[in-house]
Amino acid sequence: MSSIDRSQEVGVTRTYEIRTYGCQMNVHDSERLAGLLEEAGYVRAPEGSDGEADVVVFNTCAVRENADNRLYGNLGHLAPKKAKRPGMQIAVGGCLAQKDRDTIVKKAPWVDVVFGTHNIGKLPVLLERARVQQEAQVEIAESLEAFPSTLPTRRESAYAAWVSISVGCNNTCTFCIVPALRGKEKDRRPGDILAEVEALVAEGVSEITLLGQNVNAYGSDIGDREAFSKLLRACGKIDGLERVRFTSPHPRDFTDDVIAAMAETPNVMPQLHMPLQSGSDAILRAMRRSYRQERYLGIIEKVRAAIPDAAITTDIIVGFPGETDEDFEQTLHVVREARFAQAFTFQYSKRPGTPAAEMDDQVPKEVVQERYERLVALQEQISWEENKKQVGRTLELMVAEGEGRKDDTTHRLSGRAPDNRLVHFTKPEQQVRPGDVVTVEVTYAAPHHLLAEGPVLDVRRTRAGDAWEKRNAAEAAKPAGVMLGLPKVGVPEPLPAVASGCGCD
């Protein structure tokens, strides 16, 4: 039973807070949820409100280890706060909500709303229904009710945006529960995607990231095997769109036409995040990954031949059931051969509802830990060596917002190179805004970032910087935040942060 104060004053503005866990899909969905709530009249709670908002929404992940424990721990933390504030509401959505359904309300009866991955558009209605009926509302749709891009969104950036091209996944990887929770792949029409991109560019966006669970499988639902490469080339024809990225592709679907489109489309960035998961053919087979080591390394070779400066990143799982020392050595071999700019490494842990959780030969925790540490040490060495090759290069950076945690103390700014490497650079005398472009020379390399300690060689003010300035002025006038117009789409974190999501692509 939900504890609701029905004597709330009419017209009082209610605040919301959204807590997001998991992959890029969850981040994208959270921006939709924020847009829906703001359209319904809510305003975002100030940063650091820590559960003091009138509505607290948990957008959950079912892939990360101990995801349920983390959720229930947070819900327990909010229980006494809600008891003191009868008008407060708590909602739980996302993959864990899709999986656990009624369990959430049984374990945490103070939760007001539970909704799934397919019906995020219902959140405001469910909150109002819970308030009026004074009881928890649990509504889980079994199939997609509306493509996310048709929903309003509160974007956090004026210069970069997600553009979702598909939802769901047709793969059956034995370690992953995502297809069961997000459904089979469903593609958007190319015309709708391009119309959204063009509208975003008109708003000032200069970088977009095409988003899909297996983004380069795009076209399987509409019957065109070359649809993704065609989409990349079409994005290259949009005036004002400076940077195009995509995440995350699957090696099975990575065809030569995609490589050609990347190489021949100037605004498609020289960067690729392609999950490996394991370098062992035996483990890849047990994972039901439809490629083998030779195929994977062949793709890397082709990409580097066509795009010599490409930075390639990946995801790797250590300690999958049955993984032997020889299997792990094969993973290390691929890492040495591929020379990834960065790898996001995960220690395997059981996920209820996946075939892998029931497999024999689960690898002991201490063995997994030892292998994990060896892999991380190797990749750190390679990342540093690859970054050292950047010293002396002149790069164009898109100035980023909030990526340099020490920028205030070091008097630097931060930006992303075309290959998505993070570069901290000396703050120039003239004003530089997020979304603007600066030219710098790299002077120092660390494993995870570069430095440009000399003077900035050039500053190019952009429409994206203008959009950032306009947004900040609007938010200064209305501190709780503003909507950014149609079409409302999400904004990506930089690729490394996104890639470290569920790791299940």
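First, a word on scope: everything that follows refers to the structure included in this document.

Cut-offs applied
- Residues numbered from 1 in each chain as written.
- Predicted model: local features only at pLDDT ≥ 70, side-chain atom pairs only at ≥ 80, totals over all residues.
- Heavy atoms only, no water.
- Axes fitted to C-alpha atoms, helices over the stretch in contact; angles between N-to-C directions.
- Helix = DSSP H or I, 4+ residues; strand = E, 2+ residues; numbered from the N terminus.
- Parallel < 35°, antiparallel > 145°, perpendicular 65-115°, else oblique.
- Contact = heavy atoms within 4.5 Å.
- Expected span 1.5 Å × (residues − 1).
- Buried < 20%, exposed > 50% of the residue type's maximum accessible area, 1.4 Å probe, protein only.
- Arc of directions from axis to C-beta.
- Pairing = 2+ DSSP bridges.

## Points about the packing of helix 8 (residues 227-235) against helix 9 (residues 256-264)
In a pair of packed helices, the angle between the axes and the distance between the axes together describe the arrangement.
Part 1 of the reasoning: Between helix 8 and helix 9, the least distance of the axes is 8 Å, while the angle of their chain directions is 5°. As far as their axial angle goes, helix 9 and helix 8 are roughly parallel. Of the residues in helix 9, those touching helix 8 at Phe 228, Ser 229, Leu 232 and Arg 233 are Asp 257, Val 258, Ala 260, Ala 261, Met 262 and Glu 264.

## Points about unusual backbone geometry
Part 1 of the reasoning: For the peptide bond that leads from Thr 247 to Ser 248, omega is -10°, which places it in the cis range.
Part 2 of the reasoning: Structurally, Ser 248 is set in the loop between strand 11 (243-247) and helix 9.
Part 3 of the reasoning: Phi is positive for Arg 339, which is not a glycine, with a value near 50°.
Part 4 of the reasoning: In this structure, Arg 339 sits in the loop between helix 12 (325-338) and strand 14 (342-347).

## Focus: helix 7 (residues 190-203)
Part 1 of the reasoning: Over its 14 residues, helix 7 extends 20 Å from the first C-alpha to the last, a length consistent with the 20 Å expected when each residue adds 1.5 Å.
Part 2 of the reasoning: Among the residues making up helix 7, those that are buried are Ile 193, Leu 194, Glu 196, Val 197, Leu 200 and Val 201. Projected down its long axis, helix 7 shows its buried positions confined to an angular sector of 155°, all on one face.

## Brief notes about the sheet that holds strand 14
Part 1 of the reasoning: The strand order 12-13-14 describes an open sheet built from three strands, whose pairing is parallel. Two strands in the sheet have a free side with no partner beyond their single neighbour: strand 12 (271-273) and strand 14. When the angles between neighbouring strand axes are averaged without regard to direction, this sheet yields 10°.
Part 2 of the reasoning: One ladder, built from three bridges, connects strand 12 with strand 13 (residues 311-318); its direction is parallel. In the sheet register, His 273 faces strand 13, and the bridge partner there is Thr 313.

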